[in-house]
Amino acid sequence: MTRWPHESHAAPESTAPLLAPEITEAECRRCGTLIAGLDGRYACGVCGWVNDHSEGHRRLPRADEDPDRPPRGRKQPRRLPAPPPEPA
């Protein structure tokens, strides 16, 4: 992920750079496995437990603060070709 501001993605009020996330560690609340996460948000790869996003140490960035956000006006997905007609 890049931290460079992109002119096409940046909103006027989001001029402050994003802080780098902090790697944190904890025990899984379900199985006790030592897990690592970003800013207090965890997901256990052993049992599938995930803590709520609101338990993190910092607020999550808004979509307009994401430097990797795709530009507005997304392209329509390409349509797949129609299947061939079934023989009668």
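Keep in mind the model is a prediction, meaning the values are calculated, not measured.

**A closer look at the pattern of salt bridges**
So, step 1. Applying the stated criterion to the full structure yields five salt bridges.
So, step 2. Between R58 and D39 there is a salt bridge, with the nearest N and O atoms lying 3.3 Å from each other. You can see R58 sitting in the segment after β2 (34-38) and its partner D39 sitting in the segment after β2, a full 19 residues away along the chain.
So, step 3. With relative accessibility at 29%, the residue R58 sits in the partly exposed group.
So, step 4. It is possible to trace a salt-bridge network through shared partners that takes in R59, R62, D64 and E65.

**A few points about the nonpolar core**
So, step 1. Formed by C28, I35, Y42, C44 and W49, the largest nonpolar core amounts to five residues.
So, step 2. Setting aside anything within four residues of it in sequence, one finds Y42 in contact with T24, E25, A26, I35, A36, G37, W49, V50 and N51.

**Section: the state of the cysteines**
So, step 1. In this structure the tally under the stated criterion is zero disulfides.
So, step 2. Free of any disulfide, C31 has its nearest cysteine sulfur in C44, 3.8 Å distant.
So, step 3. The class of C31 is partly exposed, set by a relative accessible area of 38%.
So, step 4. Overall, the relative accessible area of 6% leaves C44 in the buried class.

**Re the side chain of T24**
So, step 1. One can find T24 in strand β1 (residues 23-27).
So, step 2. Owing to a relative accessible area of 7%, T24 belongs among the buried residues under this scheme.
So, step 3. At a separation of 3.1 Å, a polar atom in the side chain of T24 contacts the main-chain amide nitrogen of G40.

**Section: the confidence of the model for the protein chain**
So, step 1. In this model, the protein chain carries an average pLDDT of 81, and 80% of its residues clear a pLDDT of 70 or more.
So, step 2. A low-confidence stretch, residues 6-12 stays under pLDDT 50, and its non-local contacts, those more than four residues away or across chains, total nine contacts.

**Comments concerning unusual backbone geometry**
So, step 1. One non-glycine residue, D39, adopts positive backbone phi at about 55°.
So, step 2. Residue classification places D39 among the buried residues on the basis of a relative accessible area of 9%.

**As for the environment of P21**
So, step 1. Take P21: it is sitting in the segment before β1.
So, step 2. For P21, a relative accessible area of 37% corresponds to the partly exposed category.
So, step 3. Note: C-alpha distance between P21 and G40 (19 residues apart in sequence) is 9.7 Å.

Conventions adopted
- Residues numbered from 1 in each chain as written.
- Predicted model: local features only at pLDDT ≥ 70, side-chain atom pairs only at ≥ 80, totals over all residues.
- Heavy atoms only, no water.
- Salt bridge = Lys/Arg side-chain N within 4 Å of Asp/Glu carboxyl O.
- Helix = DSSP H or I, 4+ residues; strand = E, 2+ residues; numbered from the N terminus.
- Buried < 20%, exposed > 50% of the residue type's maximum accessible area, 1.4 Å probe, protein only.
- Core = buried A, V, L, I, M, F, W, Y, C linked by side-chain atoms within 4.5 Å.
- Contact = heavy atoms within 4.5 Å.
- Disulfide = S-S within 2.5 Å.
- Polar contact = N/O pair within 3.5 Å; in protein donor to acceptor, adjacent residues only side chain to side chain.
- pLDDT = per-residue confidence, 0-100.

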